[in-house]
Amino acid sequence: MVCLTSNNGQTQQVRALMDSGSQINLLAENVVQRLKLPRYLTNVPVIGVGGSRAHIRYKVVVRMKFSYSDFATNVECLVTPKVTGTIRSTCVNIDSKNIPPGILLADASFSSPGEIDMLIGAELFFQILMQGQIKMSNRLPTLYETQFGWVVAGSYEQPEEDNPVCANIAMTDGLENIISELTVAMKMDVWSSYPFMNL
């Protein structure tokens, strides 16, 4: 859970998903409305899983801070009606006895399905991630220390069920076009006339 603060001092606890593969930060429309955040016009084409595309028209700036540490920062987020699907799709049965004493979880309800209000991308991911790691057991995920408490990540053995799986990545269309153009240029060997590019 992350605490967001608007310019007029309103605060809101939101459930955030950290995604080191995302080039952008996202914030759900209903949070923007509750905090009465001023919107700024933008026009960002966003690409998701499977090449799905969406054009985002508004962005906001919000203050993000954590009770676990003194870390705080202003975050620019694109506004979207829905950040992602429900995380998790099923309940995870992790006995509280597996979590070491003194560990402050960022989200005490992490094992229950819930809506995600915010996606934190690569720009902040590694600033938020700290050094602590605790492996609970070979069959359970790992605890990772972050600026807003300990989070749970990794594989978890459970009976197979016919439930949807969430996969999240978001990138702007511009970078994909640049990568595509570079790939074509490399196939055409246009770099041969530039000695510094001959590796």
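This text follows the structure it describes.
We now turn to the structure provided with this report.

Definitions and cut-offs
- Residues numbered from 1 in each chain as written.
- Predicted model: local features only at pLDDT ≥ 70, side-chain atom pairs only at ≥ 80, totals over all residues.
- Heavy atoms only, no water.
- Pairing = 2+ DSSP bridges.
- Helix = DSSP H or I, 4+ residues; strand = E, 2+ residues; numbered from the N terminus.
- Axes fitted to C-alpha atoms, helices over the stretch in contact; angles between N-to-C directions.
- Core = buried A, V, L, I, M, F, W, Y, C linked by side-chain atoms within 4.5 Å.
- Buried < 20%, exposed > 50% of the residue type's maximum accessible area, 1.4 Å probe, protein only.
- Contact = heavy atoms within 4.5 Å.
- Polar contact = N/O pair within 3.5 Å; in protein donor to acceptor, adjacent residues only side chain to side chain.
- Salt bridge = Lys/Arg side-chain N within 4 Å of Asp/Glu carboxyl O.
- Phe/Tyr/Trp six-rings, centres within 6.5 Å; stacked < 30°, edge-to-face > 60°.
- Lys NZ or Arg CZ within 6 Å of the ring centre and 35° of its normal.

Quick notes on the sheet that holds strand 9 (residues 129-135)
If you trace the three strands from one edge of the open sheet to the other, you get 9-10-11, paired in antiparallel fashion. The strands lining the two open edges of the sheet, one partner per strand, are strand 9 and strand 11 (149-153). Sheet twist, expressed as the average angle between the axes of neighbouring strands with direction ignored, equals 30°. Pairing between strand 10 (residues 142-146) and strand 11: five bridges, direction antiparallel. Considered in strand 11, the bridge of T146 is made with G149.

Quick notes on the nonpolar core
Of all hydrophobic cores here, the largest spans 35 residues; its most connected members are L4, L27, M64, M118 and I128. Those residues within four positions of M64 in sequence are excluded, and the remaining contacts are V2, C3, L4, F71, A72, T73, V75, M118, I120, L124 and I128. Grouped together as the second largest cluster of nonpolar side chains are eight residues, I99, I103, F110 and M136 included.

A short note on the environment of K135
With respect to the secondary-structure elements, K135 resides in strand 9. Through-space distance from the C-alpha of K135 to that of I99 is 9.6 Å; in sequence the pair is 36 residues apart. If we skip the residues at most four places from it in the chain, K135 touches L140, P141 and T142.

Some words on the side chain of N25
The topology assignment puts N25 in the loop between strand 3 (16-18) and strand 4 (26-28). Within the structure, the side chain of N25 is placed 3.2 Å from the backbone oxygen of E76, a separation counted as a polar contact. A distance of 2.8 Å separates a polar side-chain atom of N25 from the backbone nitrogen of G121. Sequence-distant contacts of N25, defined by excluding residues within four places in its chain, comprise V75, E76, C77, L78, L119, I120, G121 and E123.

Let's talk about the pattern of salt bridges
If you walk through the whole model with that rule in mind, you get three salt bridges. Its salt-bridge partner being E29, residue R39 comes within 2.3 Å of it at the nearest N-O pair. Here R39 is found in the loop between helix 1 (29-35) and strand 5 (40-47), whereas its partner E29 is found in helix 1, with 10 residues between them in sequence. The exposure class of R39 is partly exposed, given its relative accessible area of 35%.

Structural notes on the packing of aromatic side chains
Tallied over the entire structure, the rule returns one aromatic pair. One Lys or Arg, R39, reaches over the ring of Y58 and ends 5.7 Å from the middle of that ring.

Digging into the pairing of strand 10
Across the five residues that make up strand 10, a large majority, four, are buried. Direction of pairing for strand 9 relative to strand 10: antiparallel, over a ladder of four bridges. Bridge assignment links L129 to a residue of strand 10, and that residue is T146. Following strand 10, the chain reverses through two residues before pairing antiparallel with strand 11.

Some words on unusual backbone geometry
With phi around 55°, K36 is a residue other than glycine that occupies positive phi space. When you line up the elements, K36 lands in the loop between helix 1 and strand 5.

With respect to the environment of N43
Along the chain, N43 falls in strand 5. As a C-alpha pair, N43 and Y58 span 15 residues in sequence and 7.3 Å in three-dimensional space. Sequence-distant contacts of N43, defined by excluding residues within four places in its chain, comprise H55, I56 and R57. Side chain to side chain, N43 and R57 meet in a polar contact 2.7 Å long.

Any functional reading would require information that these geometric values do not contain.
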